[in-house]
Amino acid sequence: MPLRVEIDRDLCHAWDAEDPLRGCRERFDLPDGVIYLDGNSLGVLPRSAAARLQDVIRREWGRDLIKSWTSAGWMALPAEVGGRIARLIGAQANEVTAADSTSVNYYKLAQAALALRPERRVIVSEAGDFPTDAYILQGLVAASGGRLQLKLVERTAIADALDADTALLALSHVHYKTGALHDMAVLTAAAHSAGAISLWDLSHSAGALEVDVKAAQADLAVGCGYKYLNGGPGAPGFIYVAEKLHAQVSAPIAGWIGHADPFAFADGFVPAGDVRQMLSGTPPILGLAALNEGLKTFDGVAMREVRAKSVRLASLFLDLAGERLAPLGFVAACPREAAARGSQVSLRHLRAESMMADLIAAGLVGDFRPPDLLRFGMTPLYTRYVDIFDAIDQIAHIAQRP
Ligand SMILES: Cc1ncc(COP(=O)(O)O)c(C=O)c1O
């Protein structure tokens, strides 16, 4: 029989002491008395962000005014931010840029994908995934005047739903509720063998695990800047367009910033030669500056290490939950196998909503998703093993309260 090691608080402290990412916590301004397991929804404030934004506001905007578009590198900021995100998702710098919300970016890329397959009618996506993605696809169908059709299928039926009429396979890499992870390479290959374009929503995987869009041969992708990338509330989202498509795609919102030479102010639109053609309007400098600071928290960090710690944190959570929370009516609602999971764990409980409110009041921040899910995000740059130990303690305590 294998020897069973008792997990206690001291052991978690020992793991924290030897954690190769332990120094990264200093990069964040964490509030006292809070265990924050919601970085999958809104990342923690990077320590450098306030001073940097103050500088952007006071000096670059306040003093240097319009000169800052060049002197402070404002014009180049979408590309700088894009380059940092590219490293995290296995893309080239000229394939990623940052702008707009994830929803708007999703619209742009879905529309661009459909234009690449004008003779096909069907969009395949997953039922029950994050609503904005489905709503945008429904909007495209409505705008097509009956030409397009959206098939929302269960995750096990996705590959079988693809055929010669499929224009687009649009999926979230990691499911926002269950944390279930799709095999991007396998499903992209399935889309390609049906002749379809793939569009991935990386909101719950960029900065959370080792995404490799190049190895997976993904065509298009979007993602959020305010979750694992720590860009702040409402941070710009990002857009990835594989280089092989740069000459073929056309921008659905072809604004002047996506022009090959915006300052020529020409009457006719000539797209920039790379992902920049998907930019539409003036870059949101304050938001991009904050996102840039968020991305700097990954400086010198290998995503391999982030993923390894995320897996250990989640396994610790699930092991302790199995022992201490299962008898109290909690049921794991995420894949048990680490390879099938993103960087969050989800538990079901009949009283999930009121329990999450009580947990937050007690200083343990996760979130609730209807009807009965408690979500806890693992963010290895600032979450410690001891936080997981204390979180389980707190949940058990609250669940046992009369
Ligand atoms: C998977 C996924 N896609 C898209 C979004 C929406 O992004 P936004 O509101 O920034 O457009 C979210 C937000 O939580 C999300 O989880």
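Per chain, the residues get numbers from 1 upward, laid out in the order the sequence is written. In keeping with the predicted nature of the model, local features appear solely for residues at pLDDT of at least 70, side-chain atom pairs appear and are counted solely at 80 or more, and the whole-chain, interface and lining totals rest on all residues. Excluding hydrogens and water, the side-chain figures rest on all heavy atoms present in the structure.

Participant: Can you walk me through the overall build of the protein in this structure?
Facilitator: Secondary structure follows DSSP: runs of H or I at least 4 residues long count as helices, runs of E at least 2 residues long count as strands, and numbering of each begins at the N terminus. Helices and strands together make up the secondary structure of the protein, namely 13 helices and 13 strands. Relative to the 2.2 N^0.38 estimate, which gives 21 Å for 402 residues, the radius of gyration of the protein is 22 Å and therefore close to what a compact globule would have. With respect to the three principal axes, the spread of C-alpha positions in the protein is 70 × 55 × 35 Å. A 1.4 Å probe rolled over the protein chains alone gives each residue an accessible area, and that area as a share of the maximum for its type sets the label: buried under 20%, exposed over 50%, partly exposed in between. Counting every position in the protein, which comprises 402 residues, the buried fraction comes to 53%. Note that the radius of gyration is over C-alpha atoms, with the globule rule given as 2.2 Å times the number of residues to the power 0.38.

Participant: Explain the pairing of strand 7 (residues 220–223) here, please?
Facilitator: Residue alternation in strand 7 divides its side chains into two sets, Leu-220 and Val-222 and Ala-221 and Gly-223, and both sets are buried. When strand 6 (residues 197–201) meets strand 7, the two strands line up parallel, connected through three bridges. For Trp-200, the partnering residue across the bridge sits in strand 7 and is Ala-221. When strand 7 meets strand 8 (residues 237–241), the two strands line up antiparallel, connected through four bridges. Bridging from a neighbouring strand, Val-222 pairs with Ile-239 of strand 8. By the convention used here, strands pair only if DSSP detects at least 2 bridges between them.

Participant: How should the site of the ligand be read in this particular structure?
Facilitator: We call a residue near a molecule or strand as soon as one heavy atom of that residue lies within 4 Å of the molecule or strand. Surveying the vicinity of the ligand reveals 13 residues, the closest of which are Ser-103, Asp-201, His-204, Tyr-226 and Lys-227. In protein, a polar contact means a hydrogen-donor-capable atom and an acceptor-capable atom, both N or O and within 3.5 Å, with residues adjacent in sequence counting only if both atoms are side-chain atoms; elsewhere, any N or O pair within 3.5 Å suffices. Between Thr-102 and the ligand, the recorded distance is 3.4 Å, taken from a backbone N or O atom to an oxygen atom. Taking Ser-103, its side chain carries an N or O atom lying 2.5 Å from an oxygen atom of the ligand. Here the ligand, which alone exposes 400 Å², has 83% of that area covered by the protein. Areas reported as accessible are Shrake-Rupley estimates using a 1.4 Å probe. Residue values count occlusion only from the protein chains shown.

Participant: How do you make sense of the pairing of strand 13 (residues 373–377) when you look at a structure like this?
Facilitator: Note on strand geometry: in a regular strand, side chains alternate between the two faces of the sheet. When you tally the buried positions in strand 13, you get five out of five residues, the bulk of the element. What you see with strand 13 is no split at all: Leu-373, Arg-375 and Gly-377 on one side and Leu-374 and Phe-376 on the other are buried throughout. In terms of strand pairing, strand 10 (residues 344–348) meets strand 13 through five bridges, oriented antiparallel. Its bridge partner being in strand 13, Gln-344 is matched across the sheet by Gly-377. Of the strand pairs in this sheet, strand 12 (residues 367–369) and strand 13 are connected by three bridges, and their pairing is antiparallel. Across the sheet, residue Arg-369 finds its bridge partner in strand 13, namely Leu-373. Counting the residues in the hairpin turn of strand 12 and strand 13 gives three residues.

Participant: Is there a simple way to explain the packing of aromatic side chains in this structure?
Facilitator: In this description, a pair of aromatic rings is defined by centroid distance and the angle of the planes. By convention, a stacked pair of Phe, Tyr or Trp rings (six-membered ring in the case of Trp) has centres within 6.5 Å and planes under 30 degrees apart, an edge-to-face pair has planes over 60 apart, and any other such pair is tilted. For the structure shown, the criterion picks out eight aromatic pairs. Taking 6.0 Å as the distance between ring centres and 15 degrees as the angle between the ring planes, the aromatic pair formed by Trp-256 and Phe-265 counts as stacked. Classification of Trp-256 by relative accessible area gives partly exposed; the value is 36%. Phe-265 gets classed as exposed once you look at its relative accessible area, which sits at 58%. Considering the side-chain rings of Phe-263 and Phe-265, the 5.8 Å spacing of their centres and the 90 degrees angle between planes classify their relative orientation as edge-to-face. Since its relative accessible area comes to 47%, Phe-263 is described here as partly exposed. An aromatic cluster is defined as three or more aromatic residues linked by ring pairs; in this entry it consists of Trp-256, Phe-263 and Phe-265. In this analysis the charged atom, NZ for Lys or CZ for Arg, is taken to sit over a ring once it is within 6 Å of the ring centre and within 35 degrees of the ring normal. Positioned above the aromatic ring of Tyr-385 is the side chain of Lys-309, whose terminal nitrogen or guanidinium carbon lies 5.8 Å from the ring centre. The ring of Trp-15 has Arg-312 sitting right over it, with the charged end atom 5.2 Å from the ring centre.

Participant: What is the right way to read the environment of Leu-171 from this model?
Facilitator: Assignment of secondary structure puts Leu-171 in strand 5 (residues 166–172). Measuring from C-alpha to C-alpha, the distance between Leu-171 and Met-184 comes to 9.2 Å, with 13 residues separating the pair along the chain. When near neighbours in sequence (up to four residues on either side) are disregarded, Leu-171 contacts Ser-125, Glu-126, Ile-158, His-182, Leu-187, Leu-199, Trp-200 and Asp-201. Throughout, a residue-residue contact means that at least one pair of heavy atoms, one from each residue, lies within 4.5 Å.

Participant: Quick question: what am I supposed to make of the nonpolar core here?
Facilitator: Where a protein is soluble and globular, its nonpolar side chains tend to be buried together. Nonpolar cores were defined as sets of buried Ala, Val, Leu, Ile, Met, Phe, Trp, Tyr and Cys residues, with membership established by side-chain atoms within 4.5 Å. Formed by 58 residues in total, the largest nonpolar core has its most connected members in Ile-89, Leu-202, Val-213, Leu-229 and Tyr-240. Ranked by residues supplied to this core, first place goes to helix 4 (residues 77–89) with six residues. Ignoring sequence-local partners within four residues, the contact set of Val-213 consists of Ile-89, Gly-90, Ala-91, Met-184, Leu-202, Ala-218 and Tyr-240. Formed by 35 residues, the second largest nonpolar core is a distinct cluster that contains Phe-317, Phe-330, Phe-389 and Ala-396.

Participant: Sorry, what's going on with the sheet that holds strand 7 here?
Facilitator: In any sheet, the strands associate via hydrogen bonds between backbone groups, in a parallel or an antiparallel arrangement. Within the open sheet, the seven strands sit side by side as 2-8-7-6-5-3-4. Their pairing is mixed. Every interior strand has two partners, whereas the edge strands, strand 2 (96–99) and strand 4 (149–153), have only one. Across the sheet, the axes of successive neighbouring strands diverge by a mean angle of 20 degrees, strand direction being ignored. Convention adopted: a line fitted to C-alpha atoms gives each axis, helices being fitted over their contacting stretch, and angles between N-to-C directions are expressed from 0 to 180 degrees. Strands in contact with helix 4 are strand 2 and strand 8; relative to strand 2, the strand with the most contacts, it is inclined by about 125 degrees. Of the strands in this sheet, strand 2, strand 3 (122–126), strand 5, strand 6, strand 7 and strand 8 are in contact with helix 5 (residues 102–116), which crosses strand 7 at around 170 degrees.

Participant: What is the right way to read the environment of Arg-384 from this model?
Facilitator: Note on placement: Arg-384 falls in the loop between strand 13 and helix 13 (385–400). Residues Arg-384 and Ala-206 lie 178 residues apart in sequence; the distance between their C-alpha atoms is 20 Å. Not counting residues up to four positions away in its chain, the partners in contact with Arg-384 are Asp-16, Arg-25 and Leu-313.

Participant: Quick question: what am I supposed to make of the sheet that holds strand 13 here?
Facilitator: Read from one edge to the other, the open sheet built from four strands follows the order 9-10-13-12, with strand pairing classed as antiparallel. For this open sheet the edge positions go to strand 9 (331–332) and strand 12, each flanked by a neighbour on one side alone. Note: strand 9 against strand 10, two bridges, orientation antiparallel. By the bridge assignment for strand 10, Val-331 is matched with Arg-348. In the packing of helix 12 (residues 352–361) onto the sheet, the strands contacted are strand 12 and strand 13, and the crossing angle to strand 13 comes to about 40 degrees.

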